[in-house]
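Residue-level listing of the chains:
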Amino acid sequence: MLCIGGDVMEEMRNWRQKAVIYRKLAAFYAGDVDAGQDAIKQIGQLLRISLLVPSLDDEGRYDFNRLFVGPQKLLAPPLESYYRNADHLPMQAETMAVRGAYEEAGLTLAARNRIPDDHAQFEFYFLSCLLEAISRYQGEALAGQAAEQYRCFLQEHLLLWVFMHLRAVEKGSASEYCRAVAGALYQFMRWEKEAVSHEI
Amino acid sequence: MKFDTKSFSRRTFIKGSLAAGTAWGLGAALDLSGSPFQTAGAKGESKVVHNACPRNCYDTCSILSTVEDGVLKRVEGNKDNSYTRGRLCAKGFSYTRSVYSPDRIKYPMKQSKKGSGKWERISWDEAFTIIAKKILDIKKEYGNTLPICLDKYSGNFNLLNYCIEGMMSSIGHTTRATGTPCWPAGIDAQTFDFGTIWNNDPEDMVNSKYMIIWGANPSWCSVHSMHLVMEARKRGCKIVVIDPILTQTASKADWYIQIKASTDGALALGMARYILDNDLVDHAWLAAHAKGYAEFFRYLRENITLEWAAEKTGVKKEIIEQLAKEYATAKPASIWIGYGMQRHVNGGQNVRSIDALAAMTGNIGKSGGGAQYAQLQTWGIKYNVMGMKAPAGTVTEKDRIININNSAQEILAADDPPIKMLWIACRSPLTQAAEPQKLREAYRNLDLVVTADLFMNPTVEMSDIVLPVTTAFETWGLNVSYWHYWCALNEPAIEPQYEAKSDLEIAMGLSAKLNELEPGSCTFPTSGNLEDWVAAEFTPDFLKQFGLNSWDELKKGPRKAVKGLIGWQDGQFKTPSGKYEFASETAVSEGHELLPVWTEKMETPEKYPLRLMSPHWKLNINAQFQNLDWMMDIHSEPEVEINVATAEKYAIQNGDMVRLYNDQGEIQLKAKLTKLTAADTLVVYEMWLKDKGFNVNNTLKALPADMGKKATGAPGIAFHDNFVAIAKV
């Protein structure tokens, strides 16, 4: 089970809350910069820690683009393949492995072949889908499949690159806002990492 | 409920899914509306697609692109093109990287202030709205669209990209940066001599018995030609390279002759004098095909000696004699005139003198011969993308011209009306033009600078709006070369990345917005299938030239022209007399000399005694490629090549940081000691290196070459007549 102790209701709340967090993170990386504030709040609630929620101003938006969008060389590309292949090049084996993970779950991207499958927005959204399936189909085989895929995807994909990405954000960010989102995400990812390392 | 996952391993459920023949079905289980996901379908097929490299390069390679499940996996040269011969260059092979680079410009973006680095993402609709409103505001304020300027050149030679000119024409008359930085002096020279440019098919080079590669470096800049050069050599052709720099091409030649820069005309005239004195002239050819040779011979006898030529060029008299004799007696003999060679204040006249050698010896209109420069014989499409008329109610009569090679000064000076908006496409003026410091100032003064590009560069840095464009792999196109005689269709291999659009889609989108805001304000079509746009470019003559019954035969692969492969073979020159003109009244009417006489090179200023040449580099084409990570891994720092004797004079050691400076500006870079260049010549290969803030053109004044206006609308630029001083940092 994907939790450390606790009862079933607590687990379900966690799944739902994590689904919301991942969806907010997906929205953030998709360009809804405001969603970062919601993500921080939700992470704070889940982890029961106090996290700074800075306001978002123009500097924060410009910083977001410098880090993740462009038009200049990205300071912290939000792509798994960037951190996991020697050429920092998407649409290679690493991206295709992520595509394969989506396809195993019966999914494909509407923007397939236009935006790399391993973009953070999609990896986070995928995890939110898995969590939604776990909580909605609790007790059914689908939930078990979703839970297993959730664990595997974290261990085999997201957790292998997100910390490098967050270090790049820390190094390159010029705004309190983006650093705060990265900081919250870091806490969340550590929590997730510990959670998936405990299989009961 | 605790769900025991131990017995339900990843391997188990994968096996289960595969056994079931389906994935395990989140698609059916969840409501995916509004999500980035949809239910998975069948994988994309594997396919091989025809593409063509659209860069400003002699070789314009035909490419085969392997695509698997919608992903570009591999590019290779198409063997069906006997010039490409199945190979690409290092730059071409890097396309699989540049297409997917995380640094590609992905979305339309708006900068809060030019040069601030503060960009926000906007939608295409917002981008078109901002641009269209500005165009309409300008039209309202000034009564015309002349304040809108287009600076477009050769970064993308997909013939459909002439839609950019079409887009400008369709809003009214505009200001056009006219001319070319590349090759105009030589084009004018050949226009005066022959009537136009028309080289032999380069695959004909193998038939040459003597080949002079004069101021060209095909080992770096036309790699596919080198096979032909070497094949000619194998068949007994002597290869001679004449260049101020011992280039890679020179290293492969039988004979390398180092010449003082900008004195090529003197060498050619010295050779001509020898050929005349030793009666190695092809009198029959001249009698049948030339005009003005008697005057030219009189000029040679009265003004040119080999001693003079030797002194001017730094080439010994005996060498000039041997070169002239060998060239004139080998039949046939060819000369490849490089574009770098004519980037001097006397570049055009120098080309005329070299052309004269080919004419004197009857090496024109022959297989294996020629004064090879370029050709536009294969560019005879309809230009349907460009043929838009100004909208009804346009009060101006024609476009206003500014010199592309002096754009900084001319943008600042434009008046009545001033220039207020700039559209930049297929070019990066802030890396490639002279006086970039002044150009930056000019851009700062403009209300709106729009750049359509693939990657960030200094030009995008100084823009208000950047629009992401597609690569050749993401769109339709048609490509021909200004050197070889092949035509290639370019089909989309993959989806456009992120929100990139082709320049043609941008034109249609902008037109739609303009007409939405003010009906009738733009005549460019607002929609259209790109494949149909390609089809619309073919004329009956073009089809016939390539032996095609219909254009879509090109879907099977590139095709070579079936006629016109030997320039001037029919002896019908396009000059007013119909002959090769040693004496050209057309040249006189343009303010030039009648004959291919010697005109002085630029004098070396006392204050700046070292010539700084900035030829083309092997890993880039101007602002493209060198910025890619792969290229930066190979070469990441600017260097100046200095002759060892010069370095000793200034106490400069290999690897020292030096500054090169003159009245225009200065650059700082590492010294690389070499014996490959002359003592008075420094070499900094022109390239744009990412994040280095380096630009060799910071020292470059917009000094015009002697020719270019006749055929291209503006004089060329004397890139290699740049003089600097040097000091250790």
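Remember, it's a predicted structure, so these values are computed and weren't measured experimentally.

Draft legend 1. Up close: the overall build of chain A. Helix and strand counts for chain A come out as eight helices and one strand. For chain A, the α and β elements follow one another from N to C terminus as α-α-α-α-α-β-α-α-α. A compact globule built from 200 residues should have a C-alpha radius of gyration of about 16 Å, and chain A, at 16 Å, falls within 12% of that. If you line up chain A on its principal axes, its C-alpha atoms span 50 × 40 × 25 Å. Taking all 200 residues of chain A together, the buried fraction comes to 64%. For chain A, contacts bridging at least 24 residues in sequence account for 64% of all contacts bridging at least 6. Accessible area of chain A: about 7,200 Å², with a carbon and sulfur share of 50%. In chain A, 21 side chains carry a positive charge and 27 a negative one; their mean positions are 2 Å apart.

Draft legend 2. Geometry of the interface of chain B and chain A. Counting residues at the interface gives 58 residues for chain B, matched by 63 residues for chain A. Of the roughly 5,600 Å² buried between chain B and chain A on both sides combined, carbon and sulfur atoms contribute 58%. Across the pair B:Lys118 and A:Glu59 runs a salt bridge whose closest N-O atoms are separated by 2.8 Å. The interface formed by chain B and chain A contains 21 residue pairs in polar contact (both at pLDDT 80 or more). Of all elements in the fold, only α1 (10-20), α2 (26-29), β1 (37-39), β4 (71-77), α4 (95-100), β6 (119-121) and α25 (629-634) of chain B reach the threshold of two or more residues within the side of chain B that touches chain A. Partitioning the side of chain B that touches chain A into residue classes produces 27 nonpolar, 15 polar and 16 charged. As defined by bridge partners, strand β1 (residues 107-109) of chain A adjoins β1(B) across three bridges and the pair is classed as antiparallel. In the sheet register, A:Thr108 faces β1(B), and the bridge partner there is B:Gln38.

Draft legend 3. Spatial organisation of the sheet that holds strand β19 (residues 477-480) of chain B. Residue and element names in this part refer to chain B. Strand order across the open sheet formed by three strands is β19-β20-β21, with antiparallel pairing between neighbours. Looking along the sheet, the strands with just one partner apiece sit at the ends: β19 and β21 (559-560). Taken together, the four bridges between β19 and strand β20 (residues 486-490) define a ladder with antiparallel strand orientation. Across the sheet, the residue bridging to leucine 478 is leucine 489, located in β20.

Draft legend 4. Just the packing of helix α11 (residues 264-277) of chain B against helix α13 (residues 293-303) of chain B, in detail. Residue and element names in this part refer to chain B. Look at α11 against α13: their axes get within 10 Å of each other, and the N-to-C directions meet at 100°. Taken together, the axis directions place α11 and α13 in an arrangement best described as roughly perpendicular. The segment α11 lies against α13, with Leu269, Ala272, Arg273 and Leu276 engaging Phe296, Phe297, Tyr299, Leu300 and Arg301. Its residues placed into classes, the contact of α11 with α13 shows seven nonpolar, no polar and two charged.

Draft legend 5. Layout of the nonpolar core. Membership of the largest hydrophobic core comes to 203 residues, with the highest contact counts inside it found for B:Trp214, B:Phe296 and B:Trp423. With near-sequence residues (within four places) excluded, B:Trp214 lies in contact with B:Ile242, B:Asp264, B:Leu267, B:Ala268, B:Met271, B:Ile335, B:Trp336, B:Ile337, B:Gly338, B:Met341, B:Ile354 and B:Leu357. Grouped together as the second largest cluster of nonpolar side chains are 83 residues, A:Cys129, A:Ala143, A:Ala182 and A:Ala184 included.

Draft legend 6. Spotlight on the pattern of salt bridges. In total, this model carries 49 salt bridges over all chains according to the counting rule given. Residue A:Lys73 is joined to B:Asp103 by a salt bridge in which the shortest nitrogen-to-oxygen separation is 3.5 Å. Linking A:Lys73 in the loop between α3 (58-68) and α4 (80-84) with B:Asp103 in the loop between α4 and β5 (109-111), this pair reaches from one chain into another. Looking at A:Lys73, the relative accessible area reads 26%, which means it is partly exposed. The residue B:Lys234 makes a salt bridge to B:Glu231 at a minimum N-O spacing of 3.5 Å. A residue pair is termed a helical-turn pair when its members lie 3 or 4 positions apart in one helix, as B:Lys234 and B:Glu231 do in helix α9 (residues 223-234) at three residues. When its relative accessible area of 17% is taken as the criterion, B:Glu231 is described as buried. Where salt bridges share partners, they join A:Arg99, A:Glu103, A:Arg112, A:Asp117, B:Lys43 and B:Asp69 into one cluster.

Draft legend 7. Structural detail: the confidence of the model for chain B. On average, residues of chain B carry a pLDDT of 95, and 97% of them reach 70 or more. Among the scores for the predicted complex, ipTM is 0.95 and pTM is 0.95.

Draft legend 8. Quick peek at the state of the cysteines. Under the definition given, this model contains zero disulfides over all chains. B:Cys61 takes part in no disulfide bond, and the closest cysteine sulfur, belonging to B:Cys53, lies 6.1 Å away.

Draft legend 9. Just the packing of α3(A) against helix α7 (residues 141-172) of chain A, in detail. All names here are of chain A. At a minimum axis distance of 11 Å, the contact between α3 and α7 shows a crossing angle of 130°. It follows that α3 is oblique to α7 by the angle criterion. Crossing hand, α3 versus α7: right-handed. Contacts between α3 and α7 involve Asp63, Leu67 and Phe68 on the former and, on the latter, His165, Val169 and Gly172. Classifying every residue of the contact of α3 with α7 by side-chain character gives three nonpolar, two polar and one charged.

Draft legend 10. Structural context of unusual backbone geometry. A:Pro71 follows A:Gly70 through a cis peptide bond whose omega is 10°. The topology assignment puts A:Pro71 in the loop between α3 and α4. Residues B:Lys331 and B:Pro332 are joined by a peptide bond in cis, for which omega reads 0°. Mapped onto the elements of the fold, B:Pro332 is located in the loop between α15 (317-329) and β13 (333-337). Its identity is not glycine, yet B:Tyr383 carries a phi of approximately 55°, on the positive side. Here B:Tyr383 shows up in the loop between β14 (371-372) and β15 (400-403). The phi dihedral of B:Glu435 is positive, around 55°, even though this residue is not glycine. As for its position among the elements, B:Glu435 is in the loop between α18 (429-432) and α19 (436-444). Accessibility expressed as a relative area gives 3% for B:Glu435, which makes it buried.

Procedures and definitions
Residues numbered from 1 in each chain as written. Chains lettered and ligands numbered in written order. Predicted model: local features only at pLDDT ≥ 70, side-chain atom pairs only at ≥ 80, totals over all residues. Heavy atoms only, no water. Helix = DSSP H or I, 4+ residues; strand = E, 2+ residues; numbered from the N terminus. Rg over C-alpha atoms; globule rule 2.2 N^0.38 Å. Buried < 20%, exposed > 50% of the residue type's maximum accessible area, 1.4 Å probe, protein only. Contact = heavy atoms within 4.5 Å. Areas by Shrake-Rupley, 256 points an atom, 1.4 Å probe, with all protein chains shown as cover. Lys, Arg positive; Asp, Glu negative; His and termini not counted. Charge placed at Lys NZ, Arg CZ, Asp CG, Glu CD. Buried area = accessible area lost by both parts, 1.4 Å probe. Salt bridge = Lys/Arg side-chain N within 4 Å of Asp/Glu carboxyl O. Polar contact = N/O pair within 3.5 Å; in protein donor to acceptor, adjacent residues only side chain to side chain. Nonpolar A, V, L, I, M, F, W, Y, C, P; charged D, E, K, R; others polar. Pairing = 2+ DSSP bridges. Axes fitted to C-alpha atoms, helices over the stretch in contact; angles between N-to-C directions. Parallel < 35°, antiparallel > 145°, perpendicular 65-115°, else oblique. Core = buried A, V, L, I, M, F, W, Y, C linked by side-chain atoms within 4.5 Å. pLDDT = per-residue confidence, 0-100. Disulfide = S-S within 2.5 Å. Left-handed = near helix turned anticlockwise from the far one by under 90°.

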